[in-house]
Structures are given as C-alpha cells and as structure tokens.
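Residue-level listing of the chains:
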Amino acid sequence: MAVSMGRRLAADACLFILTLTFQHTNADNIVAGASTEEAPHRRFEYKYSFKGPHLSQTDGIIPFWVHSGNAIPSADQVRITPSLRSQKGSVWTKNTVNFDHWEAEVTFRVSGRGRMGADGLAIWFTTAQGLDGPVYGAADNWNGIGIFFDSFDNDGKKNNPAVLVVGNNGKLVYDHPNDGTTQALGTCLRDFRNKPYPVRAKITYYKKTLTVLINNGFTPDKDDYEFCTKVDNMIIPQEGYFGISAATGGLADDHDVLSFLMFRLTEPGQELPPPEAEMPKEEQDKYQEEFENFQQDLDKKKEDYQKEHPDVQREPIEDMYESVNDREIRQVFEGQNQIHLEIKQLHRQLAMILDEQRRYVSVVTDEISKRQGESLGQVGNILDTVFFFLLRNSFHESLKQIGATQHQANPVNMGTYETVQHFNEIQEHLHVVKRNIEHLITRNGSPSEKQGVKCPDPPPMPSCLGTIHFLVFVVIQSILFFSYIMYKSQQEAAAKKFF
C-alpha cells in the first residue's frame, strides 16, 4: 500500500513538472515568435499621454485629458478613487484616437489596508467617453475593449485578483456576479495589490492582435514584463477614446495612476502620414484663423508703440539684442581678462616667495656663523627643519594656485611655462645654498669634534643603609620576636587552668 502511494505521488509530480514545462515552452515560443518578426516603429503621442512630475496644471486640469467623479489629479499622479467606500472616478482623452496600431504603457498602484480590496481598475478604448457608470466607475454597454484589473472575488471562486480582457459591441451588459469570466476573451491571475514598486501594464494592439504584459512590481526594473494574455483576430473600433476608471465598494483601495504613455505603431517600411493629415480640416482652419488674428493684433500693437515713441521708431529691434558673434567675442575677452588677472596674482605670489627665500637664507647663514663650534648633527637638524618649513609654507599654496589656474585656463601656456621656470630657478638657488652650508659644516666640523668637551665622571652614590643601622635593626627585631613568643606562652598556660 505504501509502495503504491509512493508511485502515485511520483507520477503526479512528473505530470505537474511536464505541465509546467509545456506552459513555459509555449511562453518562450510566443516571445521568440514576436522577436523573430521585425519590430514596428514606435512614436510617442504626447496628446494622449500624461506623467509626472508636472502631470496637472495649477487649476487641477490634466492637459489633453478630462477627469470626472472622485478622481483627484496632482503633480505626480492621478488618484482615480481614494480609499473610501462607494467611490467612482475616471480620466479620458479629450480627442479621439484613430491609430491602426498602438501601444499603451500604464503605471499604477493599488494599495489598501485590508487583506482584500475592491472593486478594481479598468483601462478602456471605446467609441464614447464612459465618464460614469457601474463597470469599475465607467459606463456599461460600451463599444470597444476593456482591460479589467479585478481585485474583489464576487463569484467566490477564489480566482482574484485577476486581469481580464472583455470586448463589447455596445449591446452586452457586464456580468458582475461572475466577475466577467463568462465574457472574457483572455485572462490571467496576477496579484497587483500592495506591491513594493508600481505595477506596469503594457497593452499592444498590432495587426489585429491584442497582447497584455504585466510587471508585477516586485523589482524596480521597468522592463521586467511577464506574459499575461493574448487575443488574436480582434476587431476594435477604428476611432475612439482612451480612458482609465476605478471604483470601490464595501471594501476600499487607493487606485493611483502614475503615468499613461501612448505610442503609435507603424509597420516596418511604412511612412507616417504628415501632420496635416492627422488633424481634421475644421481644426486646421480654426488654428489658422487664430494665428492670423494674433498676427494682426501684434502688428497693431507695434504701430501704436511706434506712434507713442517716435524717438525709437527708426532703431531696428535687432540692435537691442546681442548677436551670436558678439556673445562669443565678449566671452573670449572675459576669459582672457580672467586669465590675465590670475597671472598677475601668481606673479605677486612668486615675488612674496622670493622674499621669503632670501629671509630664510639669511637666517640660516647667521645661524651657522653663530654656531660654528656646534656638532654636525645639530646643524643638520637645523638645516632640515628650515628647509622643511620653507618648502611646506612657501610652495604648497603656490602649487595649488598654479594647478587651479591650469585647470581653469588651459589655453594660457605661456603663463604656465613662465611659472614653472620661476620655480626651477628658486629650486636651483636653494640647492646652491644647501651645498654652501654643507661645505661650511664639513670644513668647521672636524676641529669641533677634536676639541669636544669631555663630561666629568658622576660622583659616587652614597650608601642608603650603614652597618651600624643594620645591626640595631636586627637586635630590635629579635627582642620583639622573643617578647611575642613569651607572651603567647603565658596566654596558653593561663588558658589551661580552666580545663
């Protein structure tokens, strides 16, 4: 019985491993098939995107977007719904999108205090703006596609949080009791609540194929996507609005969208249409009329200003501003002036150093003349101390200034060469002084060594203890010892009388 149970468990384990291997192979084949094809060209569309750090304006409006319900735009994110019960909110593009192929990258964060959350977040592409409704804060019976991030388990099958792709032709009613599983074209189980990093979703519609990739938010790597689901032969409206909505119920989560980036995809070798073709003719005429009105107002203001200021009427406006050539010449002159000032500062510093050298040399010469009879070691120590002090105090600060000048003004080669020449001359002068001093020491050092003063012998140390004192100490100690012995014997004899 035990053997049969072991064989059964081994068979189940093998079947489980084969299943995982097959799924992994399918995922690899999908990625490999996508990579073998030539990647489409991506163009960022700012009019259908938003992101921080300047996401909204001072009046709370998102450029090229509209928000409704409980949505709260801020500088770095849009809080679609706060963590309060029965909240709804959404954001939608103002203008319609008519791209044949597109890709949307959405970065969001869903966070709450409870172990479970509700209701979820949805990303839309529909023919009309669903500003309010029962489907994750948007309207039902939509015509388009919706990607739902469902966080509440309505059907009790423990298959949430989940990501679903649901299409609608404007006639279907969303199946809330079953969490839309009966209408889903593709689904995957992904936990997107309370992650350490924001969750990212990449939704690509290319050649009638919708692909959803998910970044679970476990790592800060923005490109760490995992395959979620794929829907082939999917037909969506040619023109529509992009939107994001969210809703809460009895449970509540914060649904924050950090960015929505839209990219237009074109097939390799296909040219993009000109900007004029992307804008409707009515909108082009409107902008052209506004430009002409603005130009007429500007010309009128110029004429009024010239009438009020006739003295500056003939002066060209170009003379009031600095040209590029004038700016370059001014910068060259300012740089040369700065270099000249630095060179003058270096010359003053070198003059101070030379004065210090002369003073130190005179001090050394006087010291040697006064101490000709001293030993060679003392003179060498004095010489080393003087030279160390000289080099440390005189050269260190000047070398730092020369290095700074070379770093700030590399073109000034003549000034740097002259400075190095000055230091070489000073170094040679110091070597000459040092050789002269050593010559004087060697010449006067021998007689002083021969006539050196011999130190007298130290007097004999007196003895700390004499013979008489030692004998007296021994006699006193013996008397005290015998007295103690006699006293102890008398005490013991007295004590025996009581027994």
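Relevant structure appears above.
Residues numbered from 1 in each chain as written. Predicted model: local features only at pLDDT ≥ 70, side-chain atom pairs only at ≥ 80, totals over all residues. Heavy atoms only, no water.

1. Re the pattern of salt bridges
Next, step 1: The full count for this structure, using the stated rule, is 10 salt bridges.
Next, step 2: Note that Glu226 is salt-bridged to Arg190, the shortest N-O span being 3.8 Å. With Glu226 in strand E14 (residues 226–231) and Arg190 in the loop between strand E11 (184–189) and strand E12 (199–205), this pair connects stretches of sequence that are 36 residues apart.
Next, step 3: Connected through salt bridges with shared partners, the residues Arg42, Glu103 and Glu105 form a single ionic network. (Salt bridge = Lys/Arg side-chain N within 4 Å of Asp/Glu carboxyl O. Helix = DSSP H or I, 4+ residues; strand = E, 2+ residues; numbered from the N terminus.)

2. Thoughts on unusual backbone geometry
Next, step 1: The omega torsion of the bond from Gly52 to Pro53 falls at 10 degrees, within 30 degrees of zero and hence cis.
Next, step 2: By the element assignment, Pro53 lies in the loop between strand E2 (50–51) and strand E3 (65–69).
Next, step 3: Omega for the bond connecting Asn160 with Pro161 falls within 30 degrees of zero, at 0 degrees, which places this linkage in the cis form.
Next, step 4: Among the secondary structure elements, Pro161 is positioned in the loop between strand E9 (143–150) and strand E10 (162–169).
Next, step 5: Positive phi is not limited to glycine here, since Ser86 has a value of about 55 degrees.
Next, step 6: Tracing the backbone through its elements, the reader meets Ser86 in the loop between strand E5 (78–81) and strand E6 (88–93).
Next, step 7: Phi is positive for Asn194, which is not a glycine, with a value near 55 degrees.

3. Structural notes on the nonpolar core
Next, step 1: Ranked by size, the top nonpolar core spans 42 residues in total, and within it Phe50, Trp102, Phe108, Phe149, Leu210 and Phe260 carry the most contacts.
Next, step 2: It is strand E7 (residues 101–111) that contributes the most residues to this core, 5 residues altogether.
Next, step 3: By size, the runner-up hydrophobic cluster in this structure holds 13 residues, among which are Ala122, Val135, Tyr136 and Trp142. (Core = buried A, V, L, I, M, F, W, Y, C linked by side-chain atoms within 4.5 Å. Buried < 20%, exposed > 50% of the residue type's maximum accessible area, 1.4 Å probe, protein only.)

4. Considerations on the sheet that holds E6
Next, step 1: Strand order in the open sheet formed by 7 strands is E3-E6-E15-E8-E9-E10-E11, and the pairing between neighbours is antiparallel. The strands lining the two open edges of the sheet, one partner per strand, are E3 and E11. The average angle at which neighbouring strand axes cross in this sheet is 15 degrees, direction not considered.
Next, step 2: In this sheet, E9 lies alongside strand E8 (residues 120–126) in antiparallel orientation, the contact comprising 7 bridges. Its bridge partner lying in E9, Trp124 is registered against Gly146. (Pairing = 2+ DSSP bridges. Axes fitted to C-alpha atoms, helices over the stretch in contact; angles between N-to-C directions.)

5. With respect to a nonpolar patch on the surface
Next, step 1: A cluster of nonpolar side chains, contributed by Ile468, Val472, Ile476 and Leu480, occupies part of the molecular surface with about 420 Å² of accessible area.
Next, step 2: Mapping Leu480 onto the fold places it in helix H7 (residues 467–496).
Next, step 3: Under the relative-accessibility criterion, Leu480 is labelled exposed at 59%. (Patch = residues over 30% accessible without salt bridge, like charges linked within 9 Å, V, L, I, M, F, W, Y side chains within 5 Å. Areas by Shrake-Rupley, 256 points an atom, 1.4 Å probe, with all protein chains shown as cover.)

6. Description of the packing of aromatic side chains
Next, step 1: Summed over the entire model, instances satisfying the criterion amount to 22 aromatic pairs.
Next, step 2: Considering the side-chain rings of Tyr46 and Phe64, the 5.7 Å spacing of their centres and the 75 degrees angle between planes classify their relative orientation as edge-to-face. Placement of the pair is Tyr46 in the loop between strand E1 (41–44) and E2 and Phe64 in the loop between E2 and E3, with a sequence separation of 18 residues.
Next, step 3: A relative accessible area of 31% places Phe64 in the partly exposed class.
Next, step 4: Between Phe481 and Phe482 the ring centres are 5.9 Å apart and the planes differ by 70 degrees, which places this aromatic pair in the edge-to-face class.
Next, step 5: Of the aromatic side chains, those joined through ring pairs into one cluster are Phe50, Trp65, Trp102, Phe125, Tyr205, Phe242 and Phe260. (Phe/Tyr/Trp six-rings, centres within 6.5 Å; stacked < 30°, edge-to-face > 60°.)

7. Some thoughts on the side chain of Ser49
Next, step 1: Considering the arrangement of structural elements, one finds Ser49 in the loop between E1 and E2.
Next, step 2: For Ser49, a relative accessible area of 7% puts it in the buried group.
Next, step 3: Among the polar contacts listed, one links the side chain of Ser49 to the backbone oxygen of Glu45, at a separation of 2.7 Å.
Next, step 4: Of the polar contacts made by the side chain of Ser49, one reaches the backbone nitrogen of Met262; its length is 2.9 Å.
Next, step 5: Among all residues touching Ser49, those that are not within four sequence positions of it are Phe44, Trp65, Phe260, Leu261 and Met262. (Polar contact = N/O pair within 3.5 Å; in protein donor to acceptor, adjacent residues only side chain to side chain. Contact = heavy atoms within 4.5 Å.)

8. Some words on the environment of Asp59
Next, step 1: If you trace the backbone, Asp59 turns up in the loop between E2 and E3.
Next, step 2: For the pair Asp59 and Pro73, spaced 14 residues apart in sequence, the C-alpha to C-alpha distance is 9.9 Å.
Next, step 3: Within the local environment of Asp59, its side chain forms a polar contact with the backbone nitrogen of Ile61, the two atoms lying 3.3 Å apart.

9. A short note on a negative patch on the surface
Next, step 1: A grouping of Asp297, Asp299, Glu303, Asp304 and Glu308 is seen on the molecular surface, where their side chains present a negatively charged patch.
Next, step 2: As for its placement among the helices and strands, Asp304 is situated in helix H3 (residues 281–308).
Next, step 3: Given the relative accessible area of 35%, Asp304 is considered partly exposed. (Lys, Arg positive; Asp, Glu negative; His and termini not counted. Charge placed at Lys NZ, Arg CZ, Asp CG, Glu CD.)

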